[in-house]
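# Commentary on secondary and tertiary structure
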Amino acid sequence: MSSATLLIDNIGELSTQHWQDRTPAAAAESVLHDAAVVFEGERVAWVGPSSSAPAADERYDAGGRAALPGWVDSHSHLVFAGDRTAEFEARMAGQAYAAGGIGVTMAATREASDDELRLLLKARVAEAAAGGTTYLETKTGYGLDVPNERRSAELAAGAVDEVTYLGAHLVPAGTDPDEYTELVCGEMLEAVRPYVRWADVFCERGAFTEEQSRRVLAACREEGLGLRVHGNQLGPGAGVRLAVEVGAASVDHVNFLDDADVEALASSWGDWSGPGSSEGTGTVATVLPACDLSTRAPLAPARRLLDAGVEIAIASNCNPGTSYTSSISFCVTTGVLQMGLNVQEAIRAATFGGALALGRHVGLDEDGQRAVGSVAVGHRADLQLLDAPSATHLAYRPGMPLTYAVWRAGERVR
Ligand SMILES: N=CN[C@@H](CCC(=O)O)C(=O)O
Ligand SMILES: [Zn+2]
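Residues numbered from 1 in each chain as written. Chains lettered and ligands numbered in written order. Predicted model: local features only at pLDDT ≥ 70, side-chain atom pairs only at ≥ 80, totals over all residues. Heavy atoms only, no water.

### A closer look at the sheet that holds strand β12 (residues 284-287)
- Sheet architecture is open: eight strands sit in the order β6-β7-β8-β9-β10-β11-β12-β13, paired in parallel fashion. Edge positions in the open sheet fall to β6 (71-73) and β13 (312-314), since each of these has one partner strand only. When strand polarity is set aside, the average angle formed by the axes of neighbouring strands in this sheet is 25 degrees.
- As defined by bridge partners, strand β9 (residues 198-203) adjoins strand β10 (residues 226-231) across six bridges and the pair is classed as parallel. The residue of β10 that forms the bridge with V201 is V229.
- Docked against the sheet, helix α14 (residues 343-350) engages β6 and β13, running at close to 80 degrees with respect to β13. (Pairing = 2+ DSSP bridges. Helix = DSSP H or I, 4+ residues; strand = E, 2+ residues; numbered from the N terminus. Axes fitted to C-alpha atoms, helices over the stretch in contact; angles between N-to-C directions. Contact = heavy atoms within 4.5 Å.)

### Some points on the environment of T181
- Among the secondary structure elements, T181 is positioned in helix α6 (residues 177-185).
- A residue is classified by how much of its surface remains accessible, and T181, at 0% relative accessible area, is buried.
- Ignoring sequence-local partners within four residues, the contact set of T181 consists of F208, Q212, R215 and V216.
- Here the side chain of T181 touches P177 through a polar contact of 2.7 Å, landing on its backbone oxygen. (Buried < 20%, exposed > 50% of the residue type's maximum accessible area, 1.4 Å probe, protein only. Polar contact = N/O pair within 3.5 Å; in protein donor to acceptor, adjacent residues only side chain to side chain.)

### Structural notes on the domain arrangement of the chain
- Domains assigned within the chain are domain 1 (5-69 + 373-412) and domain 2 (72-357).
- Here domain 1 and domain 2 have C-alpha centroids that lie 28 Å from each other.
- Across the contact, 24 residues belong to domain 1 and 28 residues belong to domain 2.
- Note on domain 1 versus domain 2: buried area summed over both sides is about 2,000 Å², and carbon and sulfur give 57% of it.
- At the junction of domain 1 with domain 2, the criterion picks out two salt bridges.
- When the shortest N-O distance is used, the salt bridge between R380 and D161 registers 3.8 Å.
- At the junction of domain 1 with domain 2, the criterion picks out seven residue pairs in polar contact (both at pLDDT 80 or more).
- If you list the elements that add at least two residues to the side of domain 1 that touches domain 2, you get β1 (5-15), β5 (66-69), α16 (393-396) and β15 (403-408).
- Take the side of domain 1 that touches domain 2: its biggest share by element is four residues, from β15.
- When grouped by side-chain class, the residues that make up the side of domain 1 that touches domain 2 number ten nonpolar, eight polar and six charged. (Domains from an automatic or database assignment. Buried area = accessible area lost by both parts, 1.4 Å probe. Salt bridge = Lys/Arg side-chain N within 4 Å of Asp/Glu carboxyl O. Nonpolar A, V, L, I, M, F, W, Y, C, P; charged D, E, K, R; others polar.)

### Section: unusual backbone geometry
- Non-glycine residue D34 carries a positive phi angle of around 45 degrees.
- As for its placement among the helices and strands, D34 is situated in strand β2 (residues 31-40).
- The phi dihedral of N232 falls on the positive side, at around 55 degrees, and the residue is not glycine.
- A relative accessible area of 1% places N232 in the buried class.

### Examining the side chain of N319
- Relative to the helices and strands, N319 is located in the loop between β13 and α13 (328-339).
- A relative accessible area of 4% means that N319 is categorised as buried.
- A distance of 2.7 Å separates the side chain of N319 from the backbone nitrogen of G321, its partner in a polar contact.
- In this structure N319 touches H77, F80, Y142 and Y324, once residues within four positions along its chain are discounted.

### Re the site of ligand 1
- In the neighbourhood of ligand 1, 15 residues make up the surrounding shell, with R84, Y97, Y142, Q233 and T322 lying closest.
- One nitrogen or oxygen atom from the side chain of R84 is found 2.6 Å from an oxygen atom belonging to ligand 1.
- Taking H169, its side chain carries an N or O atom lying 2.8 Å from a nitrogen atom of ligand 1.
- Bound to the protein, ligand 1 loses 100% of the 330 Å² it would expose on its own.
- A per-class count over the shell around ligand 1 returns four nonpolar, ten polar and one charged. (Near = heavy atom within 4 Å. Areas by Shrake-Rupley, 256 points an atom, 1.4 Å probe, with all protein chains shown as cover.)

### Looking at the UniProt feature "binding site: N-formimidoyl-L-glutamate" (unreviewed entry) in the chain
- UniProt records the feature "binding site: N-formimidoyl-L-glutamate" (unreviewed entry) for Y142, N319 and G321 in the present numbering. In summary, the annotated positions, though distributed over 180 residues, converge in three dimensions, the widest C-alpha pair being only 11.3 Å.
- By the element assignment, G321 lies in the loop between β13 and α13.
- Ignoring anything within four residues of it in the chain, the contact list for G321 reads R84, E87 and R91. (UniProt positions renumbered as here; feature names shortened; annotations may be inferred.)

### What to know about the coordination of the zinc ion (ligand 2)
- Binding of the zinc ion (ligand 2) to the protein goes through H75 (NE2), H77 (NE2), H230 (NE2) and N317 (OD1), at separations of 2.0 to 2.5 Å.
- Motif for the zinc ion (ligand 2), donor spacing along one chain: H-x1-H-x152-H-x86-N. Of this pair, H77 sits in the loop between β6 and α2 (85-92) while H230 sits in strand β10, and the two are 153 residues apart along the sequence. Across this residue pair, the class does not change: H77 and H230 are buried. (Donors = N, O, S within 2.8 Å, 3.2 Å for Na, K, Ca; no water.)

Given below as structure tokens:
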């Protein structure tokens, strides 16, 4: 039996982000005017001019507003309790961010009951959806012992689309770093394994050394997990090159890059020429604009990376320490106003780029999941409407609440 159909027509500007490559011509072709889409159940069944749209069971008049794919937030840390306002205030008074703050959230998270954590997580996911996010990754990493990492992974698996194991977030105070790394690679990994698809490591001074990071990534790969790395956030370091070496899907933060880092990322993309390419994908450089502002870090060099041929993603990094926001609209605005991206490049990074970083840019995947991050026939029916005639308003009217309507897998969620 076929699913019910919904026609959304009278879309003033539809930014499909269905790009074959990153040329200006392909970018221009991916934006349609006076457009319509048809959803059939949870999939996109038709995309084209409003004037030739087929009939459907239901119709929604977009009123000339701009539409774009739902945001794909490929980096967040939503399983936590507690608050770090005091640390933020100290930072605004000039103190530098240090990884040690993670321990404060670890203590509060361990104290919270399952129900408290579940409710906090649910509220954060709802907040993200209200801001246009339709596909969401989140990490463990505030449990940092076997029962609490397992609990974080299980709760996350019940609430978001993709779960990443981040037992290697911080060595808890009073623990031997090598013994803790062994735990992360052994018993803790086994406990979280049923709930996670990815593994991540914070490869940075004050967190995990290159050698420890390498051990964690190797053990997690052995267990069949995809890899991600937090790297080059607080200073120059090995994170980016390690991520490329192990074939990580993404390296995130990337604030402090030298020429060799940029070259390593660029060469990981080799001859990849878009979703239809037979070549494998490389390592996405995920930039986290809200985190850069909230930690007063140098902004990640998104423009330089794009110009070098690196695929980038924009994500929220929502967490209580360095980036307490899930607003991808804010991140996209910052990408345009402060990182030198044009509007379509920033939107692409926060939709298709996020999907690339999560291996969800093409579908149906081995697990039967539809592609996200671009509007095309067969992809998941994820769409947001802005209360504006064009997506340029995201940057032109910074901070305004432009999210007007959101569909996730064909369901209206706002
Ligand atoms: N850098 C590592 N982890 C988080 C911060 C976590 C925290 O300070 O609580 C980040 O991505 O910025
Ligand atoms: Zn992070």
